[in-house]
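Geometric and topological summary
Below are the chains, spelled out letter by letter.
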There are 4 protein chains.
Amino acid sequence: MSKKLWGGRFKKKTDKAFEAFSRSVQFDYKLAEYDVFHSQIHVLALKAARILTATEAGRLMKVLDGILLDISRGRFKPDGDCEDIHSDIQNRVHKKAGKLSEKLHTLRSRNDQVAFDQQWYCLVQNARVEKMLLKVINSLNLLAEKYEYQEFIGYTHLQRAQVIRFTDYLFAWQRMFEKDAGRLGRYGHNLFAYLGAGALAKTTLPRECYKKALKQFMKRKGWKPKKTFLVENSVAQVSDRDFVIEFLSILAIVQTHLSRLAEDFILYAGKEFDFFDLPEEFCTGSSLMPHKKNPDFLELMRGATGKVYGNLTAILTVMKGLPLAYNRDMQHDKEPLFSSVETVKEELQILERFLPKVKLKTKNIEKALEDESLYATEIAEFLVMEKKVPFAQAHDIVGRLIRYAEVHRMKIRHIPVRILRTFHPGLEPCALEKIMRPEAAVSSKRSIPHRLPKLKKIKD
Amino acid sequence: MSKKLWGGRFKKKTDKAFEAFSRSVQFDYKLAEYDVFHSQIHVLALKAARILTATEAGRLMKVLDGILLDISRGRFKPDGDCEDIHSDIQNRVHKKAGKLSEKLHTLRSRNDQVAFDQQWYCLVQNARVEKMLLKVINSLNLLAEKYEYQEFIGYTHLQRAQVIRFTDYLFAWQRMFEKDAGRLGRYGHNLFAYLGAGALAKTTLPRECYKKALKQFMKRKGWKPKKTFLVENSVAQVSDRDFVIEFLSILAIVQTHLSRLAEDFILYAGKEFDFFDLPEEFCTGSSLMPHKKNPDFLELMRGATGKVYGNLTAILTVMKGLPLAYNRDMQHDKEPLFSSVETVKEELQILERFLPKVKLKTKNIEKALEDESLYATEIAEFLVMEKKVPFAQAHDIVGRLIRYAEVHRMKIRHIPVRILRTFHPGLEPCALEKIMRPEAAVSSKRSIPHRLPKLKKIKD
Amino acid sequence: MSKKLWGGRFKKKTDKAFEAFSRSVQFDYKLAEYDVFHSQIHVLALKAARILTATEAGRLMKVLDGILLDISRGRFKPDGDCEDIHSDIQNRVHKKAGKLSEKLHTLRSRNDQVAFDQQWYCLVQNARVEKMLLKVINSLNLLAEKYEYQEFIGYTHLQRAQVIRFTDYLFAWQRMFEKDAGRLGRYGHNLFAYLGAGALAKTTLPRECYKKALKQFMKRKGWKPKKTFLVENSVAQVSDRDFVIEFLSILAIVQTHLSRLAEDFILYAGKEFDFFDLPEEFCTGSSLMPHKKNPDFLELMRGATGKVYGNLTAILTVMKGLPLAYNRDMQHDKEPLFSSVETVKEELQILERFLPKVKLKTKNIEKALEDESLYATEIAEFLVMEKKVPFAQAHDIVGRLIRYAEVHRMKIRHIPVRILRTFHPGLEPCALEKIMRPEAAVSSKRSIPHRLPKLKKIKD
Amino acid sequence: MSKKLWGGRFKKKTDKAFEAFSRSVQFDYKLAEYDVFHSQIHVLALKAARILTATEAGRLMKVLDGILLDISRGRFKPDGDCEDIHSDIQNRVHKKAGKLSEKLHTLRSRNDQVAFDQQWYCLVQNARVEKMLLKVINSLNLLAEKYEYQEFIGYTHLQRAQVIRFTDYLFAWQRMFEKDAGRLGRYGHNLFAYLGAGALAKTTLPRECYKKALKQFMKRKGWKPKKTFLVENSVAQVSDRDFVIEFLSILAIVQTHLSRLAEDFILYAGKEFDFFDLPEEFCTGSSLMPHKKNPDFLELMRGATGKVYGNLTAILTVMKGLPLAYNRDMQHDKEPLFSSVETVKEELQILERFLPKVKLKTKNIEKALEDESLYATEIAEFLVMEKKVPFAQAHDIVGRLIRYAEVHRMKIRHIPVRILRTFHPGLEPCALEKIMRPEAAVSSKRSIPHRLPKLKKIKD
C-alpha cells in the first residue's frame, strides 16, 4: 500500500485483508477531476490566507493542472495500491512537488473533499442525463413524424380499450421523460459543491479566503461564478448524503419509465400483437433455436431496473440510523451512485438511436383497429350526446349489446336493425358505421388539442 | 356489495373473496374530499358543454356540497361494502339525487378520477409536511436559544473528533430539514391535479368547458386559479405514478434524517454519553425492570424507517414493467402513500413538542470537553500557523505526541517541557494551555460566520 | 389509556400523541392466542417453582382458558386504549382474578413474550400457507387433467420458441410452488417458540420448571411435546428477528412466482394471444368503457408484489445496525409480517378456486401452433441427427432458411424443393412435413419422462 | 466482438453500444469452471446417445480438461470481446478442436447452461460461506475463553438493563451465526444443478444418456454421485431464479447480524462506553485529526449492509412479473449474486481474525457494573421470592425506590434503613448488599444452564 494521509499514532501495520476491504480507489477514481478542483480552490484559499506564498501556490496549481490534463486526455490510471483517490492525487503531487506537497492538506479534511467531489460529480452527471433525456424525446419526435396520421390501439388492463393516435401514445413517453428532465433540472439547480467544512467543525480559514479563491478558480476556468459554494453548516455537509439519495430516486423514476417502455415495445414486437418491427441491430438470436430474433435490448433495459432500484435501497440502508457526523459506512454511497448513473446513461444513449428505427406494421394495426369493442365507449357517448340517454343507462345498454354479440358470435355491425333497436331505438346501423371508425374516434376527442411532433435543438 | 359503476356485459356474480381482495374503500376513503372536487368540476364542465342543464348541474352541486360538509365535519363514514370511494360517492349522490345521478359519470372514467384525487391529496399533504418541518426547525431554535453558549463534542466515526458549538450541532439538523422542506416546496410547486384524461383517450368534452368549469370551481371555493389543471397527455396522466414515487422518495429522505436524529439522541441520553436528559413524557418503562426509562419515542421513530423505506420499495415494485396505460396493479399505490405520509406527520408532530423539552447535562458535557484528544487538530494547526510546520509534518508530530501520552498514561498538559520539545521545539505548555480550551477551539473557526438561533413565524 | 405494565419510577404522564404513536394493540391483537399460551405455560412454571400455589395457578389457568375461549369464538375485541396485547390480556386477567393477577408477570418480561408469541404465530401461519400452496398445486392438476393432450406454445424472450405440452406449462408452476412449499416446510421444522429468556438475562426460574410446565401444557392441549422450547441464549432470543426475515423472504419468493403467473395469464387472456378464457367471477368491468372485461384479480395479485417486497425491505431496514438486545424499533416487525402473511394467503385462496375455471381457447392455440418458426429447432435437430450435420452448421442453415422465407413472405413448407436443397440436400418437403407437427415436437423430447397430473389428498 | 453462438437469420450487424450493454463476460467469467462441467457432462451424454463417437468425445473432454486446468491455475483470462462466458469457452474449444467444436452445442441451450452454472456456483459458495461462519464462531469461542469469568452489562433500548455474563453476550452472536449456518446448510442440501432442460422444452437426448454421463463425470472427478441432477420440469428450470433469491435472502440475514455486531463493537470501543480495545490493525486514522483511531472495519461492515440488501432488492425486482420462460432480463441476476457472496465472504474472513484480538477494558466494565440500577430487577425478585410480595407491587416499590435515589442524588446502598423500610419492611441494607453484586446477579439465573466456550474443529 502506498503512503497514507494518516498514521503517526499507529504502531501496528494495517491488516492486508482489511486494507483491501477498505480500499475505494478502484471506484472513486471517477472523482479524480473534482478532487483536483477541490485542491486547486484550496491552494488559492491558502494563498489568500497567506499560508502559502504566491510561489508555492503557483507551483502547486501547475502540478495540479498537470494532473487535470492527464485526466482529460485519458492518461490518468488510478494507483490500485492507494487507499482512495485523495491519497492517490496527494501522492502524485508529492512526486512532482516534493516537500511542498506536505502543505497541500493544511486545514482541510477528506470528509470535506469527499462530499465536495461527489456533489460536483452529481452536478455534472445530472446535466448529462438531462440532455440525454432531451435527445430521447427528440427520437420520439422523429418516430412520431413518420407516423403522424396513424391511429393506434389504446390499452388499459392490457385489454383493448379505445382508439388513440399513435402520436399520443409516443407523446405519453415524451411527457414522462419531460417530467423526469424537469426533476433533474430542479435537482441540479439546487445542488452545490460546498467548501470549508473541515472534518466536521469548520476550518480556521476565513470565509473571505474561500470566496476569493473560488472567484479566482472560476475565472481561471472561464466559468460563471453564479453559484456560491460556501458551506452553511459544516456538520451537515460532511454527514448528509441527501443529494445522493435524491439523485438515485430521480434515476429510479426514469428507470421505471424505461422499464415500462421496454415492456410495451416487447409486447408490440411479439408475433401476437405484431405492431412493431424492431431494428435487428438491437436484437439477438438464440444458441439453440435458429429462428429467434429476441428483443434483448428492451429486456436488458427492463431488467436493469433491478440494479437501479437496488442502488436506491443500498444508499438508504447505508444512511439509516447513522450517528453524526461522518462515518466510514458512507464510503458505500459511491458504488450505487456510479452504477445507477452509468446504467441509465447507457440505456438512454442506446434508446436514442433505437427509437427512430422502430417500424410500424401498419397492416396489422389497421386490422386490430377493426375490433368493434374499441368503439364501445363511443357508442355509449353517442347515446348520451345524440339520444339524451343518461350515461349510466347508456353504459348498461352497450354492455348488454357487447354480450349479445359475443354470445351470438357476430359483429355488432351485423346485428339486424330490429334487434339493435331492442337495445335502444336510436341504435341504427348507419350511425354505428359512422361511429366505429378510427378517425372518427380520435377526432371526436377535444379535451386536449391535437399536437404535432416538434424537434428540439439540443446543444452538445 | 353495493352498486358498481359497471356490469352490463357480465353474466356471473363476482366471487366474494375476490371482491374483498379487490376492495379499496377501506383506505381510499381518504380521497373522498378530492373525489367530490373532481365531481363538482366535472358537473360544471358538463353544464358548460350543455350536457347538463343549469338546474341539473345546480342540484348535483348541492348534493355534492352536502357530502363535502359531511366530510369536513367528520361525519363521513365510508361504506365498507363499496368497491371504492368513487362508487361510494356515486351511491350517495344516487340516494339524494335519484335518476339524475346517472348523468354524473358522463364522459369521465375512474382512471381519470383516481389520478386527479391522488394528485390533490399529495398537494395537500405535501404542504402539511412542509409546515411541520418548519415547526420542528423552530423547536430546534428554541432549544438552541437555551444553550446558545454551550460547547459540545463533535463526533466522526462515533469517536470524539473536535469541539463544536452545541448550536452548530442543532443547526445541522435544521440544515437537513430546511433542505427537505425545500424539496417538498419544489415538489408541490410542480405538481398539478389534472382534468380531462378520460379512461386514457381524452374525452369529447372541449378543453374550453374544463377551463370554464375550473375557473368557476376555484371562484366558488375562493381559491386563486393560479394553476392550470388541464391534462397535457391523457395516456401518461392515467398511467404514471411518478408523483407518488417522488413524494415517497422525499419522505424517505426526511425519514433518513429522523432516524439519524433518533440514533444520536438515544446515544446522548444513555448512561455512557449522558449528555441529554429526555423528557419523561416521551419515554416508557419496562414490565420487568423497574429502573428503566427507555427512549421509546426515538426508537420507534428510528424503527419507522422500515415502514417508510418499505413503502418506497413497494410503489417502485408495483410500477416496474407495467404496460401502458392504467393497470389495476396501480391500486397498490395508495396504501404505501398514505402510510408514509401519516407516519412522517406523526413523527414530526411529536418531535416538535419533544425537542424543546430536552435538557442538557452540562456538567457531563464540560467533563467530556476536558478530553485532550479533542484538541489534537488544534495543536497541529498551531504548529502550522504559528511555527510554520508543513501540515503533513504537524499531523505526524501530534500523532506521535498522542501515542506518547497514551503509552505513558499521562495528560499532554502534564508532559514535561523537555520531552514536549523533543516532538517540536515550539511546543510549550503555556501555548498548549491556551489552545486546549473549548472556547478557543470554536472561536478559531472562521469558514462559517457564527449564527444565532432565530425563530420563524409559521402561519397555521 | 388503560393500566400499564410499568410506571413506578415515572413522575409525568405520558404524552398523548406519543402514546398513540407507540400503541400496537391495533395490530398485535393477532398474537392474543399465543400470548395466552405463554401466560399459561408461565403459570405452570411458577407453580412448579412454588411461586404460585396450586390453587392460585388453577385459578389463573381458568381465567386464561376463558380468554382463549373468547378468542376461539371470535368474541375477543382488543381494547384500543391499551398499549399492547400483553397489557390488554393482563388487564383481563386483573378484571377476573383481581389481586392474584399481580403475580402473573413474576419473573418474565414482555421482551420474552413478544418473541415467543411471534414465533408461535409464524409456526401456525407457515403451516397454513404451506397447505394453501398444496391446494393450488391440486388446482393446477385439475386444470391439467382437463387439457391432458393439449400442445401449447413455449415462449422465451416473449417470442415463440418451441412447442411444449400444456401440462408441462402447468407443471412449471407446480414445480415452483412445490419448491416454495418445501422451503416453508423446512422453515417450520426449524422454528421454535422459546421460553425463559427474561428481559435479556434469563430468569431465576430453574430450567426444570419450564420443562415440566411445558409438558403439562402440551398434555393439557393434547399436543405432542415433540419440540423442546427452552431457550438456548437469552440475549439472542429477545434481540433477533431472523425468523421474521426468513419467513418474509420465503413469502417474497412465493409472491415472485405469483406475479409471474399473473403476468402470463393476463397476456394469454388478452385479444392478441387469446389462449385463455378467464372466469368472469374474477374479472371486473370499466366505469367508462362498457365492453371491458378486465383481469383484475391477476393484476391485483401482480401488484401485491409491491406490498410483499416492501414488507421485506421494511423488516430488514428495522433490524439493520440495531445494538443488542431488545430495542423498541423492533415493534415495527409486526405490521410487515402480518401484511405479507395475509396478502399471500388471500391470493392463494382465490387462486385455488380461480385456476380450475380457466378455459383454453384451443382453436386459437392450434392456429398458433401452425407457426412454422416453432419448429426451427426441430429442423436443425433433424439435420444433426439424421443428416449428421454438426449442430453449429445446422443452426446456421435453418437461420438462413428462416430469413429466406421471411424475405419471400412464404411458408417454409412452400419453398420449392430445389431451393430447399440449396440450403442442405437433406431438406425435403415430406421430412419437413413430418417434423413440423406439434405432436412430433413434444413426443421427440426425452430428457424428462412424460408425466400425468395427479391429485393429492390434503387434510384440512 | 468475437464469434457468437447465433446469427444465421440476421442481416445487420449488432449495434456497438448495445453489444457492450448486453455483454456479461466481464462478470459471468466467474462461472467458467461450472460451464466447463456442463460441457463435459454434455459431451458424455452426446457420446452415450451416439451423437459423438468415442474419439470425438475423448478429444473434446481433453480440450475441456485443458481449460479447467487453466482456470484452476489462475491462467484463465476472460476474453472481453466475447458476449458471455459460454461463447468464450466455445471459442476456446474451437481454437483447439477446430471443426469438431461445432458439435459441442448439439441439443443444448445457453438457457440450460446458465441455470446449471449458477446453481453449481451457489452450491460451492454456499458451502464456503457456511464454513467461514463456523470459523467466526470459533473466534468467538477464543475470545470467550479469555474472559470466561467476566460479568458484563446487558442493554435493552441501549439503556443499562441487567448484568449478564460476557460469555453469554458472545454466545448471542454465536447463536445467530449458528442459525445462519443452519439455514445455509439446509439451502445447500436442497439445491441441485440440473441437466437437460434445453431452451425450455427439454431435449431429445434420452434421460438415460444424461444419467450415464453424470455417473461417468462424477467418477472421473472422484465425487460421490449422491445427488441426481436430472431436471424435473424444463420450463421452470430455465425460468426460475428462486435459488438466487433464497441465497441472497440468507446472506441478507447474515449481514443483518454482522451490522448489529458492528454497531455494538463500535459503541463499546468509543470513549463513552470504553469497554473494548480494538486491534489497531483493523482501524484507520484521520487525514486532519492526528489523534483519531477509527473503527473503520466495523463501520465498513455495517455500511456493506446497503450493498447486500440492495442486491436482494435487485434480484426480486428483476424477477417480478416476468413471463415464462427465460427472459434476457435475467442476466441481471448475476452481479447481485456475486456481489453479496463476495462481500459477506470478505467480512467473515476479516472478522475471524479480528475477534480474537479484541481486548476487554475490564476496569471500565467493573466500574459500570457498580451502577445500582443494573440490580433493580434483582431487588424486585428478592421481594417476590423472599418476602412474598406480588410481582406487580414489587415492581412498583423498586420503581419508587429508584426515583427516590435519583431525586436525592444518593446511592440506594446509602439510603438510611428507616427510609428504606418505608418502601418495604423487608428491604434491609445487608440484603441489598448481597443482591447488588455482579456474581450474585448472574449466578441466580437458572433458566439456561451455564455453558463453557468450546472450540470446534473445522476441516479446510
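Calculation notes
Residues numbered from 1 in each chain as written. Chains lettered and ligands numbered in written order. Predicted model: local features only at pLDDT ≥ 70, side-chain atom pairs only at ≥ 80, totals over all residues. Heavy atoms only, no water. Contact = heavy atoms within 4.5 Å. Buried area = accessible area lost by both parts, 1.4 Å probe. Salt bridge = Lys/Arg side-chain N within 4 Å of Asp/Glu carboxyl O. Least-squares fit on C-alpha atoms with pLDDT ≥ 70 in both. Polar contact = N/O pair within 3.5 Å; in protein donor to acceptor, adjacent residues only side chain to side chain. Helix = DSSP H or I, 4+ residues; strand = E, 2+ residues; numbered from the N terminus. Nonpolar A, V, L, I, M, F, W, Y, C, P; charged D, E, K, R; others polar. Buried < 20%, exposed > 50% of the residue type's maximum accessible area, 1.4 Å probe, protein only. Pairing = 2+ DSSP bridges. pLDDT = per-residue confidence, 0-100. Core = buried A, V, L, I, M, F, W, Y, C linked by side-chain atoms within 4.5 Å. Axes fitted to C-alpha atoms, helices over the stretch in contact; angles between N-to-C directions. Parallel < 35°, antiparallel > 145°, perpendicular 65-115°, else oblique. Left-handed = near helix turned anticlockwise from the far one by under 90°.

1. Describing the interface of chain C and chain D
At the interface, 105 residues of chain C touch 105 residues of chain D. Carbon and sulfur atoms supply 58% of the area buried between chain C and chain D, which totals about 9,300 Å² over both sides. The three residues of chain C that bury the most area against chain D are Lys-202, Arg-260 and Leu-324 of chain C, which together make up 8% of that side's buried surface. Summed over the shared surface of chain C and chain D, the result is twelve salt bridges. The shortest N-O distance in the salt bridge between Glu-232 of chain D and Arg-175 of chain C comes to 3.7 Å.

2. Points about the relation of the copies chain C and chain D
Placing chain C over chain D gives an RMSD of 0.0 Å and needs a rotation angle of 180 degrees, together with 0.0 Å of translation along the axis. The superposition operator between the copies reduces to a two-fold rotation axis. Taking C-alpha positions as reference, the residue of chain C nearest the rotation axis is Ser-249 of chain C, located at 3.1 Å.

3. Some thoughts on the interface of chain A and chain B
Taken residue by residue, the interface counts 106 residues in chain A and 105 residues in chain B. Between chain A and chain B, the buried area comes to about 9,300 Å², and carbon and sulfur atoms account for 58% of it. On the chain A side of the interface with chain B, the three residues burying the most area are Lys-202, Arg-260 and Leu-324 of chain A, jointly 8% of the side's total. Counting across the chain A and chain B interface gives 54 residue pairs in polar contact (both at pLDDT 80 or more). A per-element tally of the side of chain A that touches chain B places helix α10 (residues 242-269) of chain A first, with 13 residues. Residue classes in the side of chain A that touches chain B are distributed as 47 nonpolar, 30 polar and 29 charged.

4. Regarding the pairing of strand β1 (residues 151-156) of chain B
All names here are of chain B. The buried count for β1 comes to six of six residues, which makes it a mostly enclosed element. Across six bridges, β1 lies against strand β2 (residues 159-165) in antiparallel orientation. Bridge pairing in β2 links Thr-156 to Gln-159. Adjacent in sequence and paired antiparallel, β1 and β2 are bridged by two residues, among which His-157 carries a positive phi angle near 55 degrees.

5. Comments concerning unusual backbone geometry
Residue and element names in this part refer to chain A. For the bond running from Leu-324 to Ala-325, omega is -5 degrees, close enough to zero to count as cis. Here Ala-325 lies in the loop between α11 (296-319) and α12 (334-354). Phi is positive for Asp-274, which is not a glycine, with a value near 60 degrees. Position of Asp-274 among the secondary structure elements: in the loop between α10 and β3 (276-277). If you check the backbone angles, Arg-409 has positive phi at about 45 degrees while not being a glycine. With respect to the element layout, Arg-409 can be found in the loop between α15 (391-407) and α16 (417-423). With relative accessibility at 78%, the residue Arg-409 sits in the exposed group.

6. So, the confidence of the model for chain A
This prediction gives chain A a mean pLDDT of 93; 97% of its residues lie at or above 70. For this predicted complex, the interface confidence score (ipTM) comes to 0.96, while the overall pTM stands at 0.97.

7. Thoughts on the pattern of salt bridges
Under the defined criterion, the tally for this structure stands at 144 salt bridges over all chains. Salt-bridge contacts for Asp-242 of chain C lead to Lys-179 of chain D; the nearest nitrogen and oxygen are separated by 2.9 Å. One end of the pair, Asp-242 of chain C, is in helix α10 (residues 242-269); the other, Lys-179 of chain D, is in helix α7 (residues 166-189), on a second chain. On the basis of relative accessible area, Asp-242 of chain C is assigned to the buried category, the value being 3%.

8. Remarks on the nonpolar core
Ranked by size, the top nonpolar core spans 680 residues in total, and within it Phe-276 of chain B, Tyr-169 and Phe-276 of chain C together with Tyr-169 and Phe-276 of chain D carry the most contacts. Dropping the residues within four chain positions of it, Phe-276 of chain B is found in contact with Phe-152, Phe-166, Phe-265, Tyr-268, Ala-269, Val-358, Lys-359, Leu-360 and Lys-361 of chain B.

9. Some remarks on the packing of helix α3 (residues 32-48) of chain B against helix α5 (residues 85-97) of chain B
All names here are of chain B. Packing of α3 against α5 leaves a shortest axis separation of 10 Å and a crossing angle of 60 degrees. Classed by the angle they form, the pair α3 and α5 counts as oblique. In this structure, α3 crosses over α5, and the sense of that crossing is right-handed. Contacts between α3 and α5 involve Ala-32, Asp-35 and Val-36 on the former and, on the latter, Ile-85, His-86 and Ile-89. For the contact of α3 with α5, a count of residues per class yields four nonpolar, one polar and one charged.

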